[in-house]
Structures are given as C-alpha cells and as structure tokens.
Amino acid sequence: MRKTLLSCMIVSAALVGGCHSGSGNNSTAHAIGEMPSQSFRQQWSRDLRLESGERSKALFLRGDQLFVQTSHNKFYSLDRRSGDVQYVSDVAAPATDVKPPFILKDCVVYAAGPALRFYDKQGRLERTLEMDSPFRSTLAGSDRMLYAGVDNLGGGRLVAIDPAFDNKPIRWQLDTGGGVYGAPVAVGPNQTQVFAGGIDGKVYGVTADRAAVWPNLPGGIFSTDGPIFADLKASGNDLLVASTDSKLYCLDVRTGRIRWTYFAGVALHKGPEVTAGFVYIMVPGKGICAINRLEGQLDRAASWSVANADQFLAEDDKYAYLKSTENRILAVEKATGQVKFESHRTDLTTFVSNPVNDPKGAMIYASTKKGLVMAIAPVLRPGVVGELVLDMRPAAAYVAMAQ
C-alpha cells in the first residue's frame with residue numbers, strides 16, 4: 001500500500017511539473033484531478049509564442065481585457081475570462097517609451113513617445129496625434145477628455161486633450177513646478193475632475209474647465225515635503241498619495257483635507273493598491289504593508305506587513321495574495337498577516353494587481369518571460385477539480401512527505 005502511494009505521488013509530481021495550456025493551445029501535460037485546499041489551480045493558460053529575443057514585459061487589466069506588453073512593444077489583448085487572444089497591436093519600436101493602454105468607447109489609445117496612437121477594437125491603427133513633447137505619465141480621463149503629464153521647458157505640464165480633435169487637441173495645460181511622472185487619476189461623473197502629483201511635491205486638483213477643485217487650500221494645491229513619483233489612486237472619497245517624504249496620505253477628494261497618514265520611514269516611489277477595506281503599499285525594507293482603510297487613528301499604523309513580498313496581486317474575503325521576491329504567490333490571512341500557504345513555482349515573473357474583490361473568488365494573472373500567460377485561482381476548499389500548475393516541487397519532495 002505504501003509503495004503504491006509513493007508511486008502515485010511521484011507520477012503526480014511529474015505531471016504537475018509539466019507545461020500546461022488552455023483551450024486552443026498545444027498541450028504537453030495535464031494533471032487534472034481533485035485538488036487539495038490551500039493550493040492554486042490553473043483557470044486557463046495561453047502561450048503567446050513570442051519571437052526569438054522577445055519577452056513579456058508587463059500586464060495590464062482593463063475591464064474584460066488583459067493586455068500583455070512585450071519588450072518589442074507589441075500589445076496582446078486577451079479575454080481575461082477565457083485567455084483567448086482577441087488581437088495584437090504592434091504599437092511602436094522597441095526603444096520607444098509606451099505607456100499602458102487606455103480604453104475609450106470605440107478604441108484603445110496608447111501614449112507612445114510624443115504621440116497618441118489610436119487602435120480600433122480589432123487592433124488596427126486608426127490615427128495618430130502628434131504632440132509637441134513626450135508623455136511622462138500614463139493617461140487618465142474619459143472619451144470626452146484625456147489627461148496626462150508631459151514635458152515642458154524647466155518643469156512639466158498637466159495637459160487636457162480632447163481625443164475628438166486632430167488639430168490642436170490640447171484644450172488647456174497647467175504648468176507644474178516639476179514633471180508629472182506618476183499616473184493622474186480622474187474622478188466624479190464622467191471623470192470631470194483630475195488629480196496629479198508632481199515632482200515638486202504638490203498635488204493638483206483641476207476640473208475639466210481648469211478650475212481648482214480645492215479652492216479652500218492655498219493656491220488650490222495640497223503640498224507634501226518631497227517629490228511625488230508614484231501613481232495616484234482614488235476610491236470613493238479617498239485620494240491616496242505616496243510621497244518621497246516617506247508618508248502615504250489619504251486625502252478627502254472633495255476638500256483636499258488629510259483623512260489619515262501612514263508614516264513609512266523611507267521614501268515611497270510606488271503607489272498603493274486600494275481595496276474595500278485595505279490599502280496595500282510596497283515599502284522598501286518592510287515589504288508589502290497593509291493599512292486598514294476604514295478604521296484607525298489620524299496617524300495610522302500598518303495592520304501587518306510581509307517582508308519578502310513586493311507586489312499586491314488580489315484578495316478575497318479571507319486572504320490577500322501577494323507576490324514574493326522569489327516570484328511565489330503568498331496567501332496571507334488578512335486578519336493576522338500570517339502566510340497560510342504559497343506556490344512553489346518561480347518562473348512566473350510578470351504579474352498584475354487585481355484589487356477588485358470578485359464574489360466568485362480572487363483571480364491572479366501572471367506570465368513567464370517567454371509569454372506563457374496564466375489565470376490562477378486559489379483553492380480554498382477540498383473537492384475542487386482542476387489542474388495544479390503552481391506547485392513545482394520535484395518528485396523527491398513528495399517522496400519525503402510520504403515517509
């Protein structure tokens with residue numbers, strides 16, 4: 001009986017270590033069966049079959065689409081539910097700085113160098129708007145107006161761009177004391193208010209007509225004590241600003257007043273991820289820190305931190321899922337901050353944050369450098385049937401477990 005058990009476990013481990021593919025791909029190995037709780041299963045996988053020398057560079061979630069940006073500045077649009085490739089857009093030469101995709105009603109727009117490039121929903125280039133300076137931030141806004149940080153002599157600018165106009169599309173510009181490198185964020189009905197952080201340490205709030213959102217503040221501006229490089233984030237009435245002055249500010253988006261702050265002790269260069277109950281932020285030397293968004297003092301402390309984690313991936317009611325510095329997926333109990341289980345596969349190198357708490361369960365998206373893209377779901381109860389693709393321990397490890 002013991003010999004049979006060992007043989008079965010060795011065979012299972014060999015299958016788990018194989019390469020798995022979703023529908024429409026050539027499959028080399030499948031290990032489908034009942035999965036243990038506290039593990040991870042493959043929802044789907046897709047091999048993009050990238051060209052020689054091409055690598056998966058970044059992932060972006062936009063509504064029902066998952067975009068994969070490669071080192072050649074090709075963008076693959078995948079259906080995030082099935083993994084089916086919808087289209088591929090060859091946006092720019094590899095050396096061009098291309099910002100993440102922005103979805104408009106009938107097209108997808110990319111800020112590429114000093115130009116906006118519009119592609120239809122089949123991935124075909126429709127038109128290009130040439131600007132007078134390169135883009136420094138990602139795009140924010142809506143079909144009516146796009147906002148972004150661009151270069152300017154001696155500093156930077158926040159510009160409002162009407163995407164319907166090919167000639168003179170810039171509606172207005174706001175000179176900032178420094179460049180705007182972090183992503184602005186647009187809020188309100190039809191995203192008619194925009195907020196941007198500059199490397200002058202200031203947060204600018206402007207309406208679509210260039211009026212100050214916070215007229216009660218001096219100059220209509222909120223000031224930090226250090227340059228701001230991080231993306232701004234907004235949720236409800238909260239505006240989250242991470243500054244190199246070592247503070248994370250939660251501002252009231254309506255007034256610019258401080259709701260609470262978190263003192264990290266070191267300069268913050270990356271923006272947070274915001275969920276219904278927590279704000280997750282990467283703090284150098286501390287890892288991912290989770291701050292209770294709803295309860296706490298004005299000077300708020302982290303509820304917990306995970307030192308060997310460097311990216312928030314997703315969450316459900318019980319767990320937050322983080323990427324470790326070794327490219328493992330960690331399941332962290334939100335109530336205690338304890339790592340309860342983790343994956344053992346380390347060749348998934350590119351991940352995307354998915355902060356929406358889906359009632360159907362958390363979904364994690366990742367890819368290998370060579371372009372094998374996966375949707376990964378945690379298994380939290382026994383009896384789930386699927387492919388166990390994230391446990392890459394060698395067969396010897398299973399033998400040891402059985403002894």
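What you see is a predicted model, and the numbers here were worked out from it, not measured in a lab.

Caption draft 1: Quick peek at the overall build of the protein. Of regular secondary structure, the protein possesses two helices and 35 strands. Across the 403 residues in the protein, those meeting the buried criterion constitute 54%. If you take every contact in the protein between residues at least 6 apart in sequence, the share linking residues at least 24 apart comes to 43%. A total of about 17,900 Å² of accessible surface is found on the protein, and carbon and sulfur atoms cover 50% of it.

Caption draft 2: Region of the structure containing the packing of aromatic side chains. By the definition in use, this model includes 14 aromatic pairs. Here the aromatic rings of Phe 222 and Tyr 249 are separated by 5.3 Å at their centres, their planes lie at 75 degrees, and the arrangement is edge-to-face. In this pair, Phe 222 is assigned in strand β18 (residues 221–223) and Tyr 249 in strand β21 (residues 247–252), connecting sequence segments 27 residues apart. When sorted by exposure, Phe 222 lands in the same class as Tyr 249, which is buried. Through successive ring pairs, a cluster of aromatic residues spans Phe 40, Tyr 319, Tyr 321 and Phe 341. The ring of Phe 118 has Arg 127 sitting right over it, with the charged end atom 4.0 Å from the ring centre.

Caption draft 3: Just the pattern of salt bridges, in detail. For the structure on display, the rule yields 19 salt bridges. For Asp 97, the salt bridge is made with Lys 99, and the minimal N-O distance between the two is 3.0 Å. Note on Asp 97: relative accessible area 38%, which makes it partly exposed. One salt bridge in this structure joins Arg 345 and Asp 347, with 2.5 Å as the shortest N-O distance.

Caption draft 4: Molecular detail of the sheet that holds strand β17 (residues 202–207). Reading across the sheet, the four strands line up as β15-β16-β17-β18 and stay open at both edges, with antiparallel pairing between neighbours. Each having just a single partner strand, β15 (185–187) and β18 make up the two edges of the open sheet. Direction aside, the axes of adjacent strands within the sheet are offset by 20 degrees on average. As judged from the three bridges shared by β17 and β18, these two strands associate in the antiparallel manner. Paired with Lys 202 across the bridge in β18 is Ser 223.

Caption draft 5: Representation of the environment of Val 203 in the model. Note on placement: Val 203 falls in strand β17. Each C-alpha atom of the pair Val 203 and Gly 256 lies 9.0 Å from the other, and the pair is 53 residues apart in sequence. When residues no more than four places from it in sequence are discounted, the contact partners of Val 203 are Ala 196, Gly 197, Trp 214, Ile 221, Phe 222, Ile 228, Leu 232, Leu 239 and Val 241.

Caption draft 6: Fine view of the pairing of strand β12 (residues 146–152). When you tally the buried positions in β12, you get five out of seven residues, the bulk of the element. For strand β11 (residues 140–141) and β12, the ladder comprises two bridges, and the chain directions are antiparallel. Paired with Gly 141 across the strands is Leu 146, a residue of β12. Linking β11 to β12, which pair antiparallel, is a turn of four residues. Bridge count for β12 against strand β13 (residues 155–161) is seven bridges, and the pairing is antiparallel.

Caption draft 7: Just the environment of Phe 278, in detail. Assignment of secondary structure puts Phe 278 in strand β24 (residues 278–283). Sequence-distant contacts of Phe 278, that is, excluding residues within four places in its chain, are made with Glu 273, Ala 290, Ile 291, Asn 292, Arg 293, Ser 303, Trp 304 and Lys 334.

Caption draft 8: Representation of the side chain of Ser 133. Checked against the element boundaries, Ser 133 lands in the loop between β10 (125–130) and β11. Its relative accessible area of 13% is what places Ser 133 among the buried residues. There is a polar contact of 3.2 Å between the side chain of Ser 133 and the side chain of Arg 157. Leave out the neighbours within four places in its chain, and Ser 133 touches Pro 114, Asp 151 and Arg 157.

Caption draft 9: A look at the sheet that holds strand β25 (residues 287–292). Reading across from one edge, β23-β24-β25-β27 is the order of the four strands in this open sheet, with antiparallel pairing throughout. Of all strands in the sheet, those bounded by a partner on one side alone are β23 (273–274) and β27 (304–306). Pairing of β24 with β25 involves six bridges; the strand directions are antiparallel. Within β25, the position partnered with Tyr 280 by the bridge is Ala 290.

Caption draft 10: Looking closely at the pairing of β17. With five of six residues buried, β17 lies mostly within the body of the structure. Alignment of strand β16 (residues 193–197) against β17, held across five bridges, turns out to be antiparallel. Counterpart to Gly 197 in the pairing with β17 is Val 203. Here β16 hands over to β17 after four residues, with Gly 201 in that stretch at a positive phi of 85 degrees.

Caption draft 11: Main features of the side chain of Lys 99. One can find Lys 99 in the loop between β6 (85–90) and β7 (102–103). When its relative accessible area of 13% is taken as the criterion, Lys 99 is described as buried. Here the side chain of Lys 99 touches Asp 97 through a polar contact of 3.0 Å, side chain to side chain. Only 3.3 Å separates the side chain of Lys 99 from the backbone oxygen of Arg 136, close enough to count as a polar contact. If sequence neighbours within four positions are ignored, Lys 99 has contacts with Phe 75, Tyr 110, Ala 111, Phe 135, Arg 136, Ser 137 and Thr 138.

Caption draft 12: Quick peek at the confidence of the model for the protein. The pLDDT averaged across the protein works out to 87; a share of 86% of its residues lies at or above 70. Note on residues 1–29: pLDDT is under 50 here. Beyond four places in sequence and across chains, it has 49 contacts. Within the model, pLDDT remains below 50 along residues 391–403, and this stretch shows 21 contacts once partners closer than five positions in the same chain are excluded.

The rules behind these values
- Residues numbered from 1 in each chain as written.
- Predicted model: local features only at pLDDT ≥ 70, side-chain atom pairs only at ≥ 80, totals over all residues.
- Heavy atoms only, no water.
- Helix = DSSP H or I, 4+ residues; strand = E, 2+ residues; numbered from the N terminus.
- Buried < 20%, exposed > 50% of the residue type's maximum accessible area, 1.4 Å probe, protein only.
- Contact = heavy atoms within 4.5 Å.
- Areas by Shrake-Rupley, 256 points an atom, 1.4 Å probe, with all protein chains shown as cover.
- Phe/Tyr/Trp six-rings, centres within 6.5 Å; stacked < 30°, edge-to-face > 60°.
- Lys NZ or Arg CZ within 6 Å of the ring centre and 35° of its normal.
- Salt bridge = Lys/Arg side-chain N within 4 Å of Asp/Glu carboxyl O.
- Pairing = 2+ DSSP bridges.
- Axes fitted to C-alpha atoms, helices over the stretch in contact; angles between N-to-C directions.
- Polar contact = N/O pair within 3.5 Å; in protein donor to acceptor, adjacent residues only side chain to side chain.
- pLDDT = per-residue confidence, 0-100.

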